[in-house]
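Below are the chains, spelled out letter by letter.
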Amino acid sequence: MGSATLLLVLSIFISGVSVIPTAEGFNCTSNATCRAIVDYVSPNTTTLLDIQTRFGVKNLRSILGVNSMPLSTSPNQTVQSKQKIRIPFHCACANGSGTSNKRPVYKVQPGDDLYHIAVDVFSRLVTYPQIQAVNHIKDANLIEKGQELWIPLPCSCDDVDGSKVVHYGHVVEAGSSVDQIASVYGTSPETLLRLNGIANAKDLQAGAVLDVPLRACNSTMNSSSLDYPLLVANGTYVFTAKNCIKCNCDAANNSMLQCEPTDIKHSEGETCPSMLCGGTGNLYIGNLTSSSSCNRTRCAYSGYTNETIFTTLVNESTCPVSDSNGSKICSSWVPLLISAHLGLLFLHLFHNSSPPECQTDGRWREDAHLVGPSLAFSRTRG
């Protein structure tokens, strides 16, 4: 570590000024491998291509997918200083913690020291002692130009509250709270505190890397598939089966993984295997049966091997259900209606209007309203 860095560390220690917390690695009790995500806050203006290179991400589309960016996004798109970009990587768990699986690898530049690499190059996602430990460096002051260093990004592959999730290393912004973060990412404050070993929510500090479990879409994955269990976080998409398949997760679509063939070249230059489900209408992955009723069948992706793509037929229903009065209610909105009615009952307010009318395909009519004191909404569900 350079003399300037030593002086900085000593001055901070002596003056008693607190240092922004750094990642200490996420707990991981399994010995699994999985997909993970971490925030990168760029210290200066750069490009997506530079970030892709820095983190050793093989394909730009992997970064585009976890950031919900269009596939047409240019690799030269500008990333502003302090802008967050999510980084996808492979996580490996061992000895009670999870770290990125031997990636990214950083090549030491002239004038570098471990502190600079941890703090400035990788924006405090790791500490310099962690870099020193995983690279078996005996003396932190002795690194050489051109030396390759593994940067151990924090991650986990553990289930959370009995469900499979995608662990996301969220960099805490100034002014945010545990409650706010939990609300945004669909988890509970208690879960966040437990996963991160935080005793009091008031101890959360800006700059901390927080383990946030992201809900993953349900799927029909074959356990023998090379990409099993293929966890895709809500609001993101991934490419799999050697680029033959694109899968996206949208919680608004019954939280089921939606997959379709791609027009991207096979990663090994070969022709993609058959994606036929067979059955009624000879469906291919992503196809739906056309029916006058509200029941339909989807050809779903369920994994792959080196020579085969697995498919399965999944039955889906968009049928409306009936309430106790025989009125039609959109099945996907039942919990919302129950909550609304309970709230109105609690306020001792009673209405004579019937529930919003549901079309035959199970969607709200655009003019459907449920109105009461401090509660009103109008929504169309596709």
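Just above sits the structure.
Right, let's get into the overall build of the chain. The number of helices and strands found in the chain is eight helices and 22 strands. Buried positions account for 41% of the 382 residues belonging to the chain. A separation of at least 24 residues holds for 61% of the contacts in the chain among residues at least 6 apart in sequence. Carbon and sulfur atoms provide 50% of the accessible area of the chain, an area that totals close to 20700 Å².

Another point: the pattern of salt bridges. The full count for this structure, using the stated rule, is five salt bridges. Put simply, Asp-50 and Arg-54 hold a salt bridge, and the shortest N to O gap is 3.7 Å. Within this pair, Asp-50 and its partner Arg-54 are both found in helix α2 (residues 48-54), separated by four residues, close to a single helical turn. Residue classification places Asp-50 among the partly exposed positions, given a relative accessible area of 32%. Under the relative-accessibility criterion, Arg-54 is labelled partly exposed at 24%.

Mapped onto the elements of the fold, Ala-201 is located in the loop between α7 (189-195) and β11 (209-215). Between the C-alpha atoms of Ala-201 and Val-178, which are 23 residues apart in sequence, the distance is 6.0 Å. Ignoring sequence-local partners within four residues, the contact set of Ala-201 consists of Val-178 and Leu-193.

Here we take up the packing of aromatic side chains. What the rule picks out here adds up to six aromatic pairs. Centre to centre, the rings of Tyr-106 and Phe-122 are 5.9 Å apart; their planes meet at 85 degrees, and the pair counts as edge-to-face. Here Tyr-106 is found in strand β7 (residues 105-107), whereas its partner Phe-122 is found in the loop between α4 (114-121) and α5 (128-134), with 16 residues between them in sequence. Judged by relative accessible area, which is 13%, Tyr-106 ranks as buried. You can call Phe-122 buried: its relative accessible area is 0%. The interplanar angle of 80 degrees and the centroid separation of 6.1 Å between the aromatic rings of Tyr-237 and Phe-239 together place this pair among those described as edge-to-face. With relative accessibility at 10%, the residue Tyr-237 sits in the buried group. The rings of Tyr-40, Phe-55, Tyr-106 and Phe-122 are connected pair by pair, giving a single aromatic cluster.

Quick look at the side chain of Arg-86 now. Here Arg-86 is to be found in strand β5 (residues 84-94). Buried and without a salt bridge, Arg-86 has Asp-39 as its closest oppositely charged side chain, separated by 4.5 Å. Each residue touching Arg-86, except ones within four places of it in the same chain, is listed here: Ile-37, Val-38, Asp-39, Ile-63, Val-66, Asn-67, Tyr-168, Tyr-185, Leu-214 and Thr-236.

Next up on the list: the pairing of strand β12 (residues 237-240). The alternating pattern of β12 places Tyr-237 and Phe-239 and Val-238 and Thr-240 on opposite faces, both of which are buried. Pairing of β12 with strand β13 (residues 245-248), which is carried by four bridges, proceeds in the antiparallel orientation. Paired with Thr-240 across the strands is Ile-245, a residue of β13. Between β12 and the antiparallel strand that follows it, β13, lie four residues; Ala-241 among them carries a positive phi value of about 55 degrees.

What follows covers the sheet that holds β12. On the basis of which strands lie adjacent, the open sheet formed by three strands has the order β12-β13-β14 and antiparallel pairing. Two strands in the sheet have a free side with no partner beyond their single neighbour: β12 and β14 (258-261). Put simply, the sheet's adjacent strands are angled 25 degrees from each other on average, direction ignored.

Following the sequence through the fold, Cys-91 ends up in strand β5. Take Cys-91: its relative accessible area is 0%, and that puts it in the buried class. Along the chain, Cys-91 and Pro-152 lie 61 residues apart, while their C-alpha atoms are 9.6 Å from each other.

It is worth spelling out empty space enclosed by the protein at this point. Counted under the stated rule, the structure contains two cavities of 30 Å³ or more. Taken as a whole, the largest cavity holds about 110 Å³ of empty space. For the largest cavity, the full set of lining residues is Ser-219, Thr-220, Met-256, Leu-257, Gln-258, Cys-259, Arg-298, Cys-299, Ala-300, Tyr-301, Val-314 and Glu-316. Of all elements in the fold, only β14, β17 (295-304) and β18 (309-317) reach the threshold of two or more residues within the lining of the largest cavity. Partitioning the lining of the largest cavity into residue classes produces seven nonpolar, three polar and two charged. If you add up the space inside the second largest cavity, you get close to 40 Å³. Together, Ala-241, Lys-242, His-266, Pro-273, Tyr-304, Thr-305, Asn-306, Thr-308 and Ile-309 line the second largest cavity. Taken together, the residues that form the lining of the second largest cavity break down as four nonpolar, four polar and one charged.

Basis of the calculations
Residues numbered from 1 in each chain as written. Predicted model: local features only at pLDDT ≥ 70, side-chain atom pairs only at ≥ 80, totals over all residues. Heavy atoms only, no water. Helix = DSSP H or I, 4+ residues; strand = E, 2+ residues; numbered from the N terminus. Buried < 20%, exposed > 50% of the residue type's maximum accessible area, 1.4 Å probe, protein only. Contact = heavy atoms within 4.5 Å. Areas by Shrake-Rupley, 256 points an atom, 1.4 Å probe, with all protein chains shown as cover. Salt bridge = Lys/Arg side-chain N within 4 Å of Asp/Glu carboxyl O. Phe/Tyr/Trp six-rings, centres within 6.5 Å; stacked < 30°, edge-to-face > 60°. Lys, Arg positive; Asp, Glu negative; His and termini not counted. Pairing = 2+ DSSP bridges. Axes fitted to C-alpha atoms, helices over the stretch in contact; angles between N-to-C directions. 1 Å grid on protein atoms, 1.4 Å probe; cavity = no way out; pocket = protein on both sides within 12 Å on 5 of 7 lines; lining within 4 Å. Points joined across faces, edges and corners; volume = space filled by probe spheres on them. Nonpolar A, V, L, I, M, F, W, Y, C, P; charged D, E, K, R; others polar.

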